[in-house]
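Chain by chain, the residues run as shown.
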Amino acid sequence: MGLPNLREFVHAPCRFRLRSGREVFGVVWEVCTKDGTDLWFATVGDYERFRRNPHGPLAAVPVLPEEILLAERLAV
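Student: Is there a simple way to explain the overall build of the chain in this structure?
Tutor: Of regular secondary structure, the chain possesses two helices and five strands. Seen in sequence order, the chain has helices and strands lined up from the N terminus as α-β-β-β-α-β-β. In terms of overall size, the chain behaves like a compact globule, its C-alpha atoms giving a radius of gyration of 12 Å where 76 residues would be expected to give roughly 11 Å. Each principal axis of the C-alpha distribution contributes one length, and for the chain these read about 30 × 30 × 25 Å. Looking at the chain as a whole, 30% of its 76 residues are labelled buried. Residue pairs in contact within the chain that sit at least 24 positions apart in sequence constitute 43% of those at least 6 positions apart. Surface exposure of the chain reaches about 5100 Å², of which carbon and sulfur atoms provide 55%.

Spelled out as structure tokens, the structure:
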């Protein structure tokens, strides 16, 4: 799908179809680093807890934009 196409889905609850064939529900967001921009994924609940307490523990995984084949927004 690529990062430019994913930008409309960042920070929003979505359903994602991955290259592996798995379908996951959650939120992706960008994190700027000294090496560029990384994309991270977490469940909606983990993401909301992180937004309320950014210094708390977070169960998030890095994801490559190429791994996401389809994104569908779940809420407006």
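Text resumes after the structure shown.
Student: Would you mind showing me how to read the packing of aromatic side chains here?
Tutor: Describing an aromatic ring pair means giving the distance of the ring centres and the angle of the ring planes. Within this structure, the stated rule accounts for three aromatic pairs. With centroids separated by 6.1 Å and ring planes inclined at 85°, the aromatic side chains of Phe-16 and Phe-41 adopt a geometry described as edge-to-face. Of this pair, Phe-16 sits in strand β1 (residues 14-18) while Phe-41 sits in strand β3 (residues 36-42), and the two are 25 residues apart along the sequence. Like Phe-16, the residue Phe-41 is buried in the burial classification. Relative to Tyr-47, the ring of Trp-29 has its centre 5.1 Å away and its plane inclined at 45°; by these criteria the two rings are tilted. Taken together, the residues span a long stretch of sequence, with Trp-29 in strand β2 (residues 23-33) and Tyr-47 in helix α2 (residues 44-52) at a distance of 18 residues. Residue classification places Tyr-47 among the buried positions, given a relative accessible area of 3%.

Student: Just checking my understanding: could you explain the confidence of the model for the chain for this structure?
Tutor: Low pLDDT means the predicted coordinates in that region are not meant to be read closely. Residues at a pLDDT of 70 or more form 93% of the chain, whose mean pLDDT is 89. Across the chain, the element-wise mean pLDDT spans from 72 in helix α1 (residues 3-6) up to 95 in β1.

Student: Help me understand the pairing of β3 in this model?
Tutor: In summary, the side chains of a regular strand alternate between the two faces of the sheet. Of the pairings in the sheet, the one linking β2 to β3 comprises seven bridges and is antiparallel in character. Directly across from Cys-32, in β3, lies its bridge partner Thr-37. Counted along the chain from β2 to the antiparallel partner β3, the turn is two residues long. Pairing geometry for β3 and strand β4 (residues 61-63), over three bridges, is antiparallel. In the sheet register, Trp-40 faces β4, and the bridge partner there is Pro-62.

What counts, and where the lines are drawn
- Residues numbered from 1 in each chain as written.
- Predicted model: local features only at pLDDT ≥ 70, side-chain atom pairs only at ≥ 80, totals over all residues.
- Heavy atoms only, no water.
- Helix = DSSP H or I, 4+ residues; strand = E, 2+ residues; numbered from the N terminus.
- Rg over C-alpha atoms; globule rule 2.2 N^0.38 Å.
- Buried < 20%, exposed > 50% of the residue type's maximum accessible area, 1.4 Å probe, protein only.
- Contact = heavy atoms within 4.5 Å.
- Areas by Shrake-Rupley, 256 points an atom, 1.4 Å probe, with all protein chains shown as cover.
- Phe/Tyr/Trp six-rings, centres within 6.5 Å; stacked < 30°, edge-to-face > 60°.
- pLDDT = per-residue confidence, 0-100.
- Pairing = 2+ DSSP bridges.

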